[in-house]
Amino acid sequence: AQSVTQPDIHITVSEGASLELRCNYSYGATPYLFWYVQSPGQGLQLLLKYFSGDTLVQGIKGFEAEFKRSQSSFNLRKPSVHWSDAAEYFCAVVLNNNDMRFGAGTRLTVKP
Amino acid sequence: KAGVTQTPRYLIKTRGQQVTLSCSPISGHRSVSWYQQTPGQGLQFLFEYFSETQRNKGNFPGRFSGRQFSNSRSEMNVSTLELGDSALYLCASRVKSGRGADTQYFGPGTRLTVL
């Protein structure tokens, strides 16, 4: 079945530490890939997206993500986490029919 | 430019009632999509409207319906509410349908509680 998997439900990192959030997809072709962030009680804000070209994409707030076709992955990274990064992060894919599918989300807690 | 707006932000209803949620897209955006977010099921696609026509539909019962007006504003209706309909309903807009790479911009959501 076609799916988007975020293996980590909850991650805790210390402020200033590096972060990597995992995302894997299972589709026949390369979909359009997105990362969104959601703060409590808020909607989703786009961090970055990938649909072709350079496999390392830069986003807002110092985030980047790397598309690896061989691993069907699109992991999100940040070299140094800030307390304000605490939120829930969603990986999403868009298929040819424009249907956007989301992963289950990863909740990030930042320790002082 | 103003972002996607949704009204009301919070709503409490009882089982069996119906509810209408409203979404105003970003100016110039003609595609509006609706999503349901619950702790158990996560984010699920409900439907997409473009040029007043439903273009795509998720796997939800017929109690969930929507429409889009000529100014691209959209409404979502849920009839005969069930406890399981309690959720955050998110609206997203983009310039047009048919291009998967177009970014969807999300509103803050309407929190619906069914008692």
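Here, the structure is the one placed above.
Residues numbered from 1 in each chain as written. Chains lettered and ligands numbered in written order. Predicted model: local features only at pLDDT ≥ 70, side-chain atom pairs only at ≥ 80, totals over all residues. Heavy atoms only, no water.

As a further point, take unusual backbone geometry. All names here are of chain B. Going from Thr7 to Pro8, the amide bond is cis rather than trans, its omega being -10 degrees. Summarising the element assignment, Pro8 is placed in the loop between strand S1 (5-7) and strand S2 (10-13). At Glu52, a position not held by glycine, the phi torsion is positive, near 65 degrees. Glu52 gets classed as partly exposed once you look at its relative accessible area, which sits at 48%. Within the chain, Thr80 stands out as a residue other than glycine whose phi angle is a positive 45 degrees. (Helix = DSSP H or I, 4+ residues; strand = E, 2+ residues; numbered from the N terminus. Buried < 20%, exposed > 50% of the residue type's maximum accessible area, 1.4 Å probe, protein only.)

Residue and element names in this part refer to chain A. On the secondary structure map, Pro7 appears in the loop between strand S1 (3-5) and strand S2 (10-14). Sequence separation between Pro7 and Phe34 is 27 residues; the distance between their C-alpha atoms is 16 Å. Here Pro7 is in contact with Arg22 and Asn24, once residues within four sequence places are set aside. (Contact = heavy atoms within 4.5 Å.)

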